[in-house]
Amino acid sequence: MKNAFILLLSCFTLSASAQTVVKQDATIKQMVDEVSNKNIEAIVRKLVSFKTRHTLSDTTSKTEGIGAARNWIKAEYERYATASNGRLKVQFDAFVQPQGRRLSKNTPMKNVLAILKGTDTADHRVYIVSGHYDSRATKAMDSTSFAPGAVDDASGTAVSMELARVMAKRSFPATIIFMAVVGEEQGLYGSTNVAKRAKAEGWQVDAMLNNDIVGNTYGMETGLKDNRSIRVFSDGIPTAATEKEIAALKSLGGENDSQSRQLARYAKEIGERYVEQLDVKLIYRTDRYLRGGDHLPFLEQGFTAVRFTEMNENFDRQHQDVRKENGVDYGDLPDFADYDYTQKIARMNLSILANLALAPGQPQNVGVITSDLTNKTKLKWDAPKGKAPAGYYVLMRETISPYWEKKFYVTDTNATIGYSKDNYLFAVQSVDAAGHESLPVYPKPVR
Ligand SMILES: [Zn+2]
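Residues numbered from 1 in each chain as written. Predicted model: local features only at pLDDT ≥ 70, side-chain atom pairs only at ≥ 80, totals over all residues. Heavy atoms only, no water.

Enquirer: Tell me about the packing of aromatic side chains, and please be specific about residues and values.
Expert: Scanning the model with the defined rule gives seven aromatic pairs in all. Judged by centre distance (6.3 Å) and plane angle (85 degrees), the rings of Y77 and Y80 are edge-to-face. Taken together, the residues Y77 and Y80, both in helix α4 (residues 66-81) and three residues apart, mark about one turn of the helix. The same class applies to Y77 as to Y80, namely buried. Taking 6.2 Å as the distance between ring centres and 50 degrees as the angle between the ring planes, the aromatic pair formed by F408 and Y419 counts as tilted. In this pair, F408 sits in strand β14 (residues 406-410) while Y419 sits in the loop between β15 (414-417) and β16 (424-431), placing the two residues eleven residues apart along the sequence. According to the relative accessible area criterion, F408 is partly exposed, its value standing at 23%. The side chain of K74 reaches across the aromatic face of F92, ending 5.2 Å from its centre. The residue whose ring lies beneath R397 is W404, and the NZ or CZ to ring-centre distance is 4.5 Å. (Phe/Tyr/Trp six-rings, centres within 6.5 Å; stacked < 30°, edge-to-face > 60°. Helix = DSSP H or I, 4+ residues; strand = E, 2+ residues; numbered from the N terminus. Buried < 20%, exposed > 50% of the residue type's maximum accessible area, 1.4 Å probe, protein only. Lys NZ or Arg CZ within 6 Å of the ring centre and 35° of its normal.)

Enquirer: Which residues make up the UniProt feature "domain: Peptidase M28" (unreviewed entry) in the chain, and what values go with them?
Expert: Under the UniProt annotation, the feature "domain: Peptidase M28" (unreviewed entry) is placed at residues 111-319. Between the end C-alpha atoms of residues 111-319 the distance is 21 Å, and the span holds 32% helix and 22% strand. (UniProt positions renumbered as here; feature names shortened; annotations may be inferred.)

Enquirer: Kindly report on the nonpolar core, identifying the contributing residues and their values.
Expert: Among the nonpolar cores identified, the biggest contains 80 residues, and Y77, M167, F178 and F308 are the most heavily contacted of them. Here the element with the most residues in this core is helix α11 (residues 339-358); it accounts for twelve residues. Contact partners of M167, with chain neighbours within four places excluded, come to M31, L116, F172, I176, F178, L350, L353 and A354. In this structure, M208, F298, L299 and A305 belong to the second largest nonpolar core, which totals 19 residues. (Core = buried A, V, L, I, M, F, W, Y, C linked by side-chain atoms within 4.5 Å. Contact = heavy atoms within 4.5 Å.)

Enquirer: A description of unusual backbone geometry should follow, citing residues and the corresponding values.
Expert: Put simply, D152 and D153 share a cis peptide bond, and its omega is 0 degrees. With respect to the secondary-structure elements, D153 resides in helix α5 (residues 150-167). One non-glycine residue, E221, lies in positive phi territory at about 70 degrees.

Enquirer: Explain the packing of α4 against α5 to me, and be specific about the residues and the numbers.
Expert: Packed helix pairs are characterised by how far apart their axes lie and by the angle those axes make with each other. Between α4 and α5, the least distance of the axes is 9 Å, while the angle of their chain directions is 20 degrees. Viewed along their axes, α4 and α5 adopt a mutual orientation that is roughly parallel. As α4 runs across α5, the sense of the crossing is right-handed. Residues W72, I73, E76, Y77 and Y80 of α4 form the contact with α5, whose participating residues are T157, S160, M161, A164 and R165. (Axes fitted to C-alpha atoms, helices over the stretch in contact; angles between N-to-C directions. Parallel < 35°, antiparallel > 145°, perpendicular 65-115°, else oblique. Left-handed = near helix turned anticlockwise from the far one by under 90°.)

Enquirer: A description of the pairing of strand β7 (residues 279-283) should follow, citing residues and the corresponding values.
Expert: Of the two faces of β7, the one lined by V280 and L282 is fully buried and the one lined by D279, K281 and I283 carries no buried residue. As judged from the five bridges shared by strand β6 (residues 229-233) and β7, these two strands associate in the parallel manner. Residue pairing across strands places F233 opposite I283, the latter belonging to β7. (Pairing = 2+ DSSP bridges.)

Enquirer: Any details on the environment of Q91? Residues and values, ideally.
Expert: Structurally, Q91 can be placed in strand β1 (residues 88-97). Judged by relative accessible area, which is 24%, Q91 ranks as partly exposed. Not counting the four nearest positions on each side in its chain, Q91 is found in contact with N111, V112, L113, I115 and R197. Within polar-contact distance, the side chain of Q91 engages the side chain of R197 at 3.0 Å. (Polar contact = N/O pair within 3.5 Å; in protein donor to acceptor, adjacent residues only side chain to side chain.)

Enquirer: Break down the sheet that holds β16 for me, citing the residues and quoting the values.
Expert: One open sheet accounts for three strands, arranged β14-β13-β16; its pairing is antiparallel. The sheet terminates laterally at β14 and β16, the two strands that pair on one side only. The sheet shows a mean angle of 25 degrees between the axes of neighbouring strands, taken without regard to direction. Bridging between strand β13 (residues 391-398) and β14 involves five bridges; their strand directions are antiparallel. In the sheet register, M396 faces β14, and the bridge partner there is K406.

Here you go:
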């Protein structure tokens, strides 16, 4: 009986998946395939070789400390830039962080940014992929002990770097920034500086992907091994929501439809479209208990941002002096990282960034018309700047569903859908002739 049951189940799975058409773009697939576990491992081991990348560590040595690490990252980006026809520009984003709780003195800091300029001059969209290159030992202020930080977060830094190597050879209408930031462990200082700068300089950051702790597949205590799953953390109620916006959520719902949650759903759809044996798990919270990350400063400035982190964490490895105690290995050493897994996560990031940067911009001023009492749903929006979309998908799902369930294709900038806005959730995304989709936009009520 048991076998018969399993057979039935697998038949069901087959027929269900046969209805899903997976359409991959050959160029994106080619780039995905070029992401190399060997390169990722080499980057992680090189970063570990600097002994410590603590934000307050030495900046004068050529071989040890945060100074040597950032110089090496910058030189690597510059090496990748030679294949970009001058389009990949590398810079230090330098600032002085005033003394603080985890900063004993005013400290000059440098993020490393590699900016791949978009080819469409009318299109000002920016997409960011980020990891933090600083590391720490047990004590937050210990700037001299060995702090390998292989998984936290040389793995995320390696994602940014390997993607820059692969993507610099191609061109995209929108701009992509490959970021390695400092000061995360002392208080998200590096990412805060870039987020504030982006706001002050009017960058149109449509999505920021933060990769922090994406290289371990073994869960402490539970013994669970998982090399398929990746968590994506996103805020529900937008971190930067105004009182008025919160009041609207209280009366009409939509607390599960922030722009960051749209990005999380998009990550699942696109990541699983291009990467085999990958489960993107949406976690409906901004970050884990007691922890924060570099997506938070971007959320605070009103940008769309998510955090990717491995499914099961090993807390014996993170923020630990390297040592052996009672037969247990402590410390974030490169031998404990799973480079095939980080390759998978890097490939997922690449597919998301490439699909976004090749797609038209997201529709603007998306509204659901509320002036009539009707059992249909009327939506309207404006075309994005830059490349004109071939059309738009109106997405629909039940209010209790986590993922979009139906897609309606339209070529106009308005649509009337035969399902009630009171009973379903909607969003609109742009799409080009090749099928690259923009992020979906949840409508605001308009009259
Ligand atoms: Zn980290």
